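Analysis of the macromolecular model
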Amino acid sequence: MKIDFKRLCVSVVNDFEIPQEQKEILRVLLHSCFPNYFINREYNKQIPKFRYLVWDEQKLIAQMGIEDRAINVDGDIARIFGVIDLCVSDDYRSNNIATNLLRMLENLGQKNGIDFIILFADDHRLYRKNGYKITENICRWLAIDDEKFRSFDIFEKPLTDC
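Analysis parameters
Positions within a chain are numbered from 1, following the residues in the order the chain's sequence is written. Residues qualify for local features only when their pLDDT is at least 70, as the model is predicted, and side-chain atom pairs are given and counted only at 80 or more; totals for whole chains, interfaces and linings, by contrast, use all residues. Working from all heavy atoms in the structure, the side-chain values ignore hydrogens and water. The term salt bridge refers to a pairing of a side-chain nitrogen on Lys or Arg with a carboxyl oxygen on Asp or Glu at a separation within 4 Å. A helix here means a DSSP run of H or I that spans at least four residues, while a strand means a run of E at least two residues long, and both kinds are numbered starting from the N terminus. Each residue's exposure class comes from its accessible area (1.4 Å probe, protein chains only) as a fraction of the maximum for that residue type: buried when under 20%, exposed when over 50%, partly exposed otherwise. Helix span, expected: 1.5 Å multiplied by one less than the number of residues in the helix. Per residue, pLDDT captures the predictor's confidence, and it can take any value from 0 to 100. Strand pairing is assigned whenever DSSP detects at least two bridges linking the two strands. To get an axis, fit a line to the C-alpha atoms, keeping to the stretch in contact for a helix; angles then go from 0 to 180 degrees between the N-to-C directions. We call two residues in contact when some of their heavy atoms are within 4.5 Å. Side-chain rings of Phe, Tyr and Trp (the six-membered ring for Trp) are treated as a pair once their centres are within 6.5 Å; stacked means planes under 30 degrees apart, edge-to-face means over 60, and tilted covers the remaining angles.

Considerations on the pattern of salt bridges
One pass over the full model with this rule turns up eleven salt bridges. A salt bridge links Glu42 to Lys23; the nearest nitrogen and oxygen atoms lie 3.8 Å apart. With Glu42 in the loop between α1 (20-33) and β2 (50-56) and Lys23 in helix α1, this residue pair connects regions lying 19 residues apart in the sequence. Neither Glu42 nor Lys23 differs from the other in exposure class; each is buried. Glu42 is the salt-bridge partner of Arg27, the closest N and O atoms lying 2.6 Å from each other. Note that Arg27 is positioned in helix α1 and Glu42 in the loop between α1 and β2, a separation of 15 residues in sequence. The same class applies to Arg27 as to Glu42, namely buried.

Structural data, given as structure tokens:
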């Protein structure tokens, strides 16, 4: 099905402002795109600060969660956007919806002093197609248990293929 992105409704919303009925719809979309996750909640380990939600009339067809953080890069502080769980419903893929969402985020970042965008993905094709590069950095982060939802360690290791 060929879709014109301009006819879709894209809303940018703070995660805490999403109504409960829309969270249920979001959970269904996320679970359909990531079958092993999002069974009982609309986030995996961290709640995004805000989300891009894409609607085709009353149907939620895509979403992109965004973290807004400051990180340490070799002693310098960098402001970043982190892309979380970007997904498009099966019926709407190959219409550049994800590409358009990335462009919208890049424009927002450029206007607001964001130093760079970080994301982790199992499939790199979309991101490589859009000019993103795989880097080899030593990363440190707080490890969170998926089921008990509590932190249990601090990991530090190179992330070269995520």
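Anyway, onward from the coordinates.
A closer look at α1
Over its 14 residues, α1 extends 20 Å from the first C-alpha to the last, a length consistent with the 20 Å expected when each residue adds 1.5 Å. All buried positions along α1 are accounted for by Lys23, Leu26, Arg27, Leu29, Leu30 and Cys33.

Points about the confidence of the model for the chain
Taken residue by residue, the chain gives an average pLDDT of 87. The fraction at 70 or more is 88%. Per-element averaging of pLDDT across the chain places strand β6 (residues 137-144) at the bottom with 68 and β2 at the top with 97.

Some words on the sheet that holds strand β3 (residues 59-73)
The strand order β1-β2-β3-β4-β5 describes an open sheet built from five strands, whose pairing is mixed. Two strands in the sheet have a free side with no partner beyond their single neighbour: β1 (9-14) and β5 (116-119). Neighbour to neighbour, the strand axes of the sheet diverge by 30 degrees on average, direction disregarded. Two elements, β2 and β3, share seven bridges in a ladder whose sense is antiparallel. Each bridged residue has a counterpart across the sheet, and for Tyr52 the counterpart in β3 is Met64. Its contacts with the sheet place α1 against β2, β3 and β4 (76-88), and it is angled at close to 85 degrees to β3. Packing of helix α2 (residues 97-111) onto the sheet brings it into contact with β1, β2, β3, β4 and β5, and relative to β4 it is tilted by some 160 degrees.

Regarding the environment of Leu108
Within the element layout of this structure, Leu108 appears in helix α2. Residue classification places Leu108 among the partly exposed residues on the basis of a relative accessible area of 30%. Among residues more than four places away in sequence, those in contact with Leu108 are Phe50, Tyr52 and Phe81.

Regarding the packing of aromatic side chains
Describing an aromatic ring pair means giving the distance of the ring centres and the angle of the ring planes. On inspection of all chains with the given rule, the structure shows three aromatic pairs. Consider the rings of Phe50 and Phe81, whose centres lie 5.8 Å apart with planes at 80 degrees: the pair is edge-to-face. Here Phe50 is found in strand β2, whereas its partner Phe81 is found in strand β4, with 31 residues between them in sequence. Note on Tyr127 and Tyr132: the rings are 6.2 Å apart at their centroids and 85 degrees apart in plane angle, and the pair reads as edge-to-face. In this structure an aromatic cluster arises from ring pairing among Phe50, Tyr52 and Phe81.

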